[in-house]
Amino acid sequence: MSARRPAPSRLGAWLVGRLIRPEIRAGALGDLEEQFRDLAARRGAFAARVWYWRQVLVVLPGFLRNTIPWSVIMFLNYLKIALRQMSRQKFISFINITGLALGMAACLLIYLWAGHERAYDGFFPDADNIYRVYCEYDVPDQPAQRYSPVTPSAVGPTLTRDFPEVAAAARTCLHYWSISRQDHRFTEPVFLVDLSFFDVFSVEFVAGKRESAFEKITDIVITEELARKYFGAADPLGQTLRVETWYDARIMGVVRSFPGNTHFRPFGVLIPFDLYKPLWGRDLNDWKTSDYVTYIRLADGASATALAAKIAGLRQPHVTDGTVHLRLQALTDMHTTELGGGGLVVYLNIFALVGAFILLIAGVNYMNLATACSSRRAREVGIRKVVGASRSQLARQFLAEAFLSSLLAAVLAWLAAWLFLPVFNEMTGRELSLVFSWREIRFLAGIVLLTGLLAGSYPALVLTAVRPVTILRGLTRGLGGGPWLRRGLVVVQFSIAISLMIGVMVVYGQLDYIDTMDLGFAKEHMITFPLGNELNQRFERFRRLLADHDGIVGVTRTNSPPTYTESTTGGGKIWWEGKPAADTGPSFAVLGVDEAGLDTLGLNLAAGRFFSTDFPADRQDAVVINEAAARAMGVDSPVGKRFRIWDRSATIIGVVKDFHLSSLHRAIDPLVLLPRWGEDTVCIRMTGRDQAGTLAFISDTLRQVVPGYTLEYRFVEHMLAEEYLTEVRSGTILRYATFLAIFISCLGLLGLAAFTAEQRTKEIGIRRVLGASVGSVVALLSREYFAWVLLANLVAWPLAWWASARWLESYAYRSDLEFHMFLAAGAAALLIAMLTVGGQAWRAGRANPVRSLRHE
Amino acid sequence: MKLLSRIEEVLLLAIWRLQDEAYGVPIREEVIRATGQHWHLGAIYGPLGRLYKNGYVFTVDGEPTPERGGRSKVFYRLTAKGREALRDLYRVNQELWTGISVVELEEEP
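Residues numbered from 1 in each chain as written. Chains lettered and ligands numbered in written order. Predicted model: local features only at pLDDT ≥ 70, side-chain atom pairs only at ≥ 80, totals over all residues. Heavy atoms only, no water.

Caption draft 1: Focus on the overall build of chain A. Assigned secondary structure in chain A consists of 27 helices and 23 strands. At a minimum sequence separation of 6, the contacts of chain A that also span at least 24 residues come to 78%. Taking the average place of the 89 positive charges on the side chains of chain A and the average place of its 78 negative ones, the gap between the two points comes to 16 Å. (Helix = DSSP H or I, 4+ residues; strand = E, 2+ residues; numbered from the N terminus. Contact = heavy atoms within 4.5 Å. Lys, Arg positive; Asp, Glu negative; His and termini not counted. Charge placed at Lys NZ, Arg CZ, Asp CG, Glu CD.)

Caption draft 2: Structural view of the overall build of chain B. When you go through chain B residue by residue, the secondary structure sums to 5 helices and 2 strands. In chain B, the succession of helices and strands from N to C terminus is α-α-α-β-β-α-α. Across its three principal directions, the C-alpha atoms of chain B cover 55 × 30 × 20 Å. Taken over 109 residues, chain B has a buried fraction of 38%. Long-range contacts, defined as pairs at least 24 residues apart, comprise 50% of the intrachain contacts of chain B with a sequence gap of at least 6. Summed over all atoms, the accessible surface of chain B reaches about 6800 Å², with 52% contributed by carbon and sulfur. The positive charge centre, built from 15 side chains, and the negative charge centre, built from 16, are 9 Å apart in chain B. (Buried < 20%, exposed > 50% of the residue type's maximum accessible area, 1.4 Å probe, protein only. Areas by Shrake-Rupley, 256 points an atom, 1.4 Å probe, with all protein chains shown as cover.)

Caption draft 3: Representation of helix α2 (residues 22–43) of chain A. Given a rise of 1.5 Å per residue, 22 residues ought to cover 32 Å, and the 31 Å separating the end C-alpha atoms of α2(A) matches this to within 8%. In the segment just after α2(A), A:G44 is the residue with positive phi, at about 95°. (Expected span 1.5 Å × (residues − 1).)

Caption draft 4: Summary view of the pairing of strand β5 (residues 184–193) of chain A. All names here are of chain A. Buried residues dominate β5, accounting for 8 of its 10 residues. In the sheet, strand β4 (residues 166–181) pairs with β5 via 10 bridges, with the strands oriented antiparallel. Its bridge partner being in β5, T172 is matched across the sheet by V193. Hairpin remark: β4 followed by β5, antiparallel, with 2 residues in the connecting loop; positive phi at Q182, about 50°. (Pairing = 2+ DSSP bridges.)

Caption draft 5: Inspection of the interface of chain B and chain A at higher detail. Facing the 21 residues of chain B at the interface are 21 residues of chain A. In total, about 1900 Å² of surface goes out of reach between chain B and chain A, with carbon and sulfur atoms giving 59% of it. For the chain B face of the interface with chain A, the top three residues by lost area are B:L41, B:Y45 and B:R71, together amounting to 31%. Counting the contacts that link chain B with chain A gives 0 salt bridges. The tally of links between chain B and chain A comes to 3 residue pairs in polar contact (both at pLDDT 80 or more). Among the secondary structure elements, those contributing two or more residues to the side of chain B that touches chain A are α2 (24–35), α3 (41–53) and β2 (72–78) of chain B. Of all the elements, α3(B) adds the most residues to the side of chain B that touches chain A, at 8 residues. Along the lines of polarity and charge, the residues of the side of chain B that touches chain A split into 9 nonpolar, 5 polar and 7 charged. (Buried area = accessible area lost by both parts, 1.4 Å probe. Salt bridge = Lys/Arg side-chain N within 4 Å of Asp/Glu carboxyl O. Polar contact = N/O pair within 3.5 Å; in protein donor to acceptor, adjacent residues only side chain to side chain. Nonpolar A, V, L, I, M, F, W, Y, C, P; charged D, E, K, R; others polar.)

Caption draft 6: Region of the structure containing the packing of helix α24 (residues 761–769) of chain A against helix α25 (residues 774–808) of chain A. All names here are of chain A. Viewed as axis vectors pointing N to C, α24 and α25 meet at an angle of 145°, and their least axial separation amounts to 10 Å. As α24 packs across α25, the resulting crossing turns out to be right-handed. Packed against α24, whose contacting residues are E763, I764, R767 and R768, the element α25 presents V774, V777, L780 and L781 at the interface. Here the residues of the contact of α24 with α25 sort into 5 nonpolar, no polar and 3 charged. (Axes fitted to C-alpha atoms, helices over the stretch in contact; angles between N-to-C directions. Left-handed = near helix turned anticlockwise from the far one by under 90°.)

Caption draft 7: Main features of the domain arrangement of chain A. On domain assignment, one finds that chain A holds domain 1 (2–70), domain 2 (127–333), domain 3 (344–514 + 724–854) and domain 4 (539–705). The straight-line distance from the C-alpha centre of domain 1 of chain A to that of domain 3 of chain A is 48 Å. (Domains from an automatic or database assignment.)

Caption draft 8: Region of the structure containing helix α4 (residues 90–118) of chain A. Its 29 residues give α4(A) an end-to-end C-alpha distance of 41 Å, which sits within 8% of 42 Å, the value for a rise of 1.5 Å per residue. Within α4(A), 22 of the 29 residues are buried, leaving the element largely enclosed by the surrounding structure.

Caption draft 9: Region of interest: unusual backbone geometry. Residue A:P266 follows A:R265 across a cis peptide bond; omega there is 0°. Of note, the phi angle at A:D690 is positive, near 45°, even though the residue is not glycine.

Caption draft 10: Here's a closer look at the pairing of strand β18 (residues 622–626) of chain A. Residues and elements named next belong to chain A. Along β18, 5 of the 5 residues are buried, which leaves the element largely enclosed by surrounding structure. Taken together, the 2 bridges between β18 and strand β21 (residues 671–675) define a ladder with antiparallel strand orientation. Looking across to β21, one finds that V624 is bridged to L673.

Caption draft 11: Highlighting the pattern of salt bridges. The full count for this structure, using the stated rule, is 40 salt bridges over all chains. The salt bridge involving A:E722 is made with A:R714; its shortest N-O contact spans 2.6 Å. Among the salt bridges present, the one from B:R91 reaches B:D88, with a minimum N-O distance of 3.3 Å. Remark: B:D88 and B:R91 occur in helix α4 (residues 80–97); sequence separation between them is 3 residues, near one turn of the helix.

Caption draft 12: Broad picture of a nonpolar patch on the surface. Side chains of A:L64, A:I68, A:V72, A:F75 and A:L76 sit close together on the surface and give an oily, nonpolar patch of about 430 Å² of accessible area. Inspection of the secondary structure assignment puts A:V72 in helix α3 (residues 45–88). (Patch = residues over 30% accessible without salt bridge, like charges linked within 9 Å, V, L, I, M, F, W, Y side chains within 5 Å.)

Caption draft 13: Structural view of the packing of aromatic side chains. Per the stated rule, a full pass over the model turns up 45 aromatic pairs over all chains. On the basis of an interplanar angle of 85° and a centroid distance of 5.7 Å, the ring pair of A:F186 and A:Y230 is categorised as edge-to-face. Of this pair, A:F186 sits in strand β5 while A:Y230 sits in helix α7 (residues 224–231), and the two are 44 residues apart along the sequence. Given a relative accessible area of 22%, A:F186 falls into the partly exposed group. Residue classification places A:Y230 among the buried residues on the basis of a relative accessible area of 3%. Aromatic ring contacts, followed pair by pair, group A:F123, A:F124, A:F191, A:F197, A:F198, A:F201, A:F205, A:F214, A:F258, A:F264, A:F267 and A:Y295 into a single cluster. Directly above the ring of A:F186 sits A:K229, whose terminal nitrogen or CZ lies 4.4 Å from the centroid. Over the face of the ring belonging to B:Y56 we find B:K81, whose NZ or CZ atom lies 4.8 Å from the ring centre. (Phe/Tyr/Trp six-rings, centres within 6.5 Å; stacked < 30°, edge-to-face > 60°. Lys NZ or Arg CZ within 6 Å of the ring centre and 35° of its normal.)

Caption draft 14: Summary view of the packing of helix α15 (residues 483–516) of chain A against helix α23 (residues 725–759) of chain A. Residue and element names in this part refer to chain A. For the pair α15 and α23, interaxial distance at closest approach is 9 Å and the crossing angle is 155°. By the angle between their axes, α15 is roughly antiparallel relative to α23. Crossing hand, α15 versus α23: left-handed. Considered class by class, the residues forming the contact of α15 with α23 number 16 nonpolar, 6 polar and 3 charged. (Parallel < 35°, antiparallel > 145°, perpendicular 65-115°, else oblique.)

Caption draft 15: Main features of the nonpolar core. Counting 117 residues, the largest nonpolar core has A:F494 and A:L673 as its most contacted members. A per-element tally of this core places α4(A) first, with 15 residues. Each of domain 3 (344–514 + 724–854) and domain 4 (539–705) of chain A accounts for three or more of the residues forming this core. Leaving out residues up to four positions away in the same chain, A:L673 has contacts with A:L591, A:V593, A:F610, A:F611, A:V623, A:V624 and A:V656. Of all hydrophobic cores here, the second largest spans 40 residues; its members include A:A40, B:L4, B:V31 and B:L51. (Core = buried A, V, L, I, M, F, W, Y, C linked by side-chain atoms within 4.5 Å.)

Caption draft 16: Just the environment of A:V254, in detail. Residue and element names in this part refer to chain A. Relative to the helices and strands, V254 is located in strand β9 (residues 247–255). Accessibility expressed as a relative area gives 4% for V254, which makes it buried. Considering only alpha carbons, one finds V254 and L237, 17 residues apart in sequence, at a separation of 7.5 Å. Discounting residues that sit within four places of it in the chain, V254 has contacts with E204, F205, V206, A207, I222, T223, E224, A227 and P236.

Caption draft 17: Up close: a negative patch on the surface. Where like charges cluster on the molecular surface, the negative patch consists of A:D512, A:D515, A:D518, A:E524 and A:E717. Mapped onto the secondary structure, A:E524 falls in the loop between α15 and β13 (526–530).

Caption draft 18: Quick peek at the environment of A:L331. All names here are of chain A. On the secondary structure map, L331 appears in the loop between β12 (324–330) and α10 (344–372). Relative accessible area serves as the criterion here: at 0%, L331 is assigned to the buried category. If sequence neighbours within four positions are ignored, L331 has contacts with D121, F124, A127, I130, Y131, F201 and H263.

Caption draft 19: Seen up close, the side chain of A:R430. If you trace the backbone, A:R430 turns up in the loop between α12 (391–428) and α13 (438–463). In this view, A:R430 contacts A:W113, A:H116, A:E117, A:Y120, A:H335, A:N425 and A:R729; residues no more than four positions away in its chain are not counted.

Caption draft 20: View of the environment of A:A304. Residue and element names in this part refer to chain A. Note that A304 resides in helix α9 (residues 304–311). When the C-alpha positions of A304 and S499 are compared, they lie 40 Å apart, and in sequence the two are 195 residues distant. Setting aside residues no more than four positions away along its own chain, A304 makes contact with Y131, L298 and L328.

Written out as structure tokens, the structure is:
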């Protein structure tokens, strides 16, 4: 009962509270509420509300008249003083505002970037309700193989049928097939999808209808972009495109192309999923083999966590060995977060932290300089106090000054961000733009508030604490808080800067390590391109024609480019001679390759032999494994042993040396090479001499073998580099951020040093007159700063060591953390700091002592 | 002797009259009843706060009740100073009204 009772509005109560003396406020509010409730009970909540507001509104005008004009006048006075203060201390203001502006600009850019990355796939209507189903395998020793984005074909239909929480589920699988119209033939990304794909993703049809999109199994849907490519301005609806050499497909729909920020890239052709059955005789309701990406859209109000708990064990009964769970990943997380955690999101978080740090450094500058120069303000504070300013009023004044500085800085920050954006875009590889939108304004306003509060609160606390009597008697020494806090803050600044510097060195160290590491196969001068069905049939002829060219080392077919393989056995399904009975065994990676694989990929044999055309039986009865597999199997001489994978039984004919089939984040998995299995990629290795000529030759030969075929190749080296793109980009951004951090720290140090030098002008003059050298004055003034930065090193080292070690843990193969990195960062910081301070000290020391002594 | 303003006088009298029941709501009702005109919020609690500050009244907290949103009633009582002020006012009023006939006031000049 009582829970639903109407209560007076909070705003109204607050306003009333402003009007009434605090001593009797609580009682008065109680009185009002009692009357309100009474009225609400007798005449309804609405009447009570009206009554309450009338109570408030009647008194409001008078109240405002009595308070606002005075506040405005005071505020204008604060503003005037603040502006005067700024113009009087130009150098200090410059340092403050530049530092804050740079810090804010960095935050703004990082915010833009993070916002862009996090918005991936967010444009799909109802994106928050879309999830991807993935598998988690229980393979304790191989964390890299734990998660797999592909699911069995039965998952989609089962989820739609048995779970009311699932509004729609769609299975998808990407192939690269040749699509041709008359003489135009290109290899296109082809998605085999359920019709429900259009329900899950609410794809917009530009032409055709969703209902009739897949009327016949040979119907297809294409994107606008593709329609233009094949048909120009002509209407593609009802036209046909030839899919490989298999059949003519009728275009039943044209959908709007997705914006750039989606994981569906590339995207082009949509074909009915059911085509798998007539095409390759696949079982479309199977629980064993994982090949398809399954997306679901939740029904309104359904909970993803509840559903995830329900479906976790769904696949388990169908698996004979090993353990597997179905899991859900939000569509909007797919771009930033890798299955099982990690990925881009780690870098986004790191950079959010870095941005905050840079802003903190700039805020510290403001705090330090404001308190250091407090003696100049002391008299003003004293007078204000004498004429009756309360401490809170004064605190408000100093806060307002900090806000003014941060507001000015924000304007400059916008400008700086705008100027720097093209460079930043290059670094991130994105097309970000700085628009005057509510989102950015809100962020910047938040930053201004935060900075103003952070930078202004400490001066407000310290400067208002002075006692008027002491000040007005002329004693201004020892004001502005203990120098210890100031020193502490400088140490904090430099600790951050030094840690960032070490971070940069560690990142570049690791990237260099990756770059120079021997991957175990010949990545140089190797190209790959999709193997079409036609080319596969005429492959021997293609190979023969290429073999004569002296720029080509070898040509082979594989099931995927040698930079990664998604095919794994996921624990179990593998048997070998001598396998312990109870053991489920490791999960094997599987790579299909033909007889030329050894030479083309540049692999090295450790034992036995490779597949060969001299042994026709190899096709059925041979596998090659890598050393990691041999180790995992615990067999001393595996060559000659029997081996079974899925329902394929064969003899191990050779062992190849370990090579890196995936990024160095992952340890080398046990690998089994199958002859001529699932091949859909061509790899050609060239010598590197006359590369352009060789490529032209390959292209010509290809067209000769398969008329109309266009060579669309990629270099393996580039594909490998892409694996580390995030790291490389992050490294660059981190470098700039570090530079900023050091620069702003030094700005602060410069201000402090200049200030101390000025304060000690007379002392320096006397010392000089008595015979001190310039050098000794410089030493005198720099000594303490030297000590602070040294101390900052001691703080930064363990922190940086800990953070770097955590980051490096994400690599199975990593460079060592070397002590010289820490030493170098520390020395660099020390050097920069000393140059900054030394310059000021040098100037002070060189000044004519006669002038110095006349100072003040 | 410091003379209080009229509303302060009315408030003190209302509080005295209500005795143990003198908290905000009845005080305001009493003031409105006696004067026959509407007194808005600020006009009541402003002077009441002043009286409190200047030591004419003190407050006693009652039990918190649900109809007041969990807030306690705050009862007002006169302090010795408050009672003395009322006595003074009574004397002044008597003095001022002595010899004045209301009947004459009602006659048209």
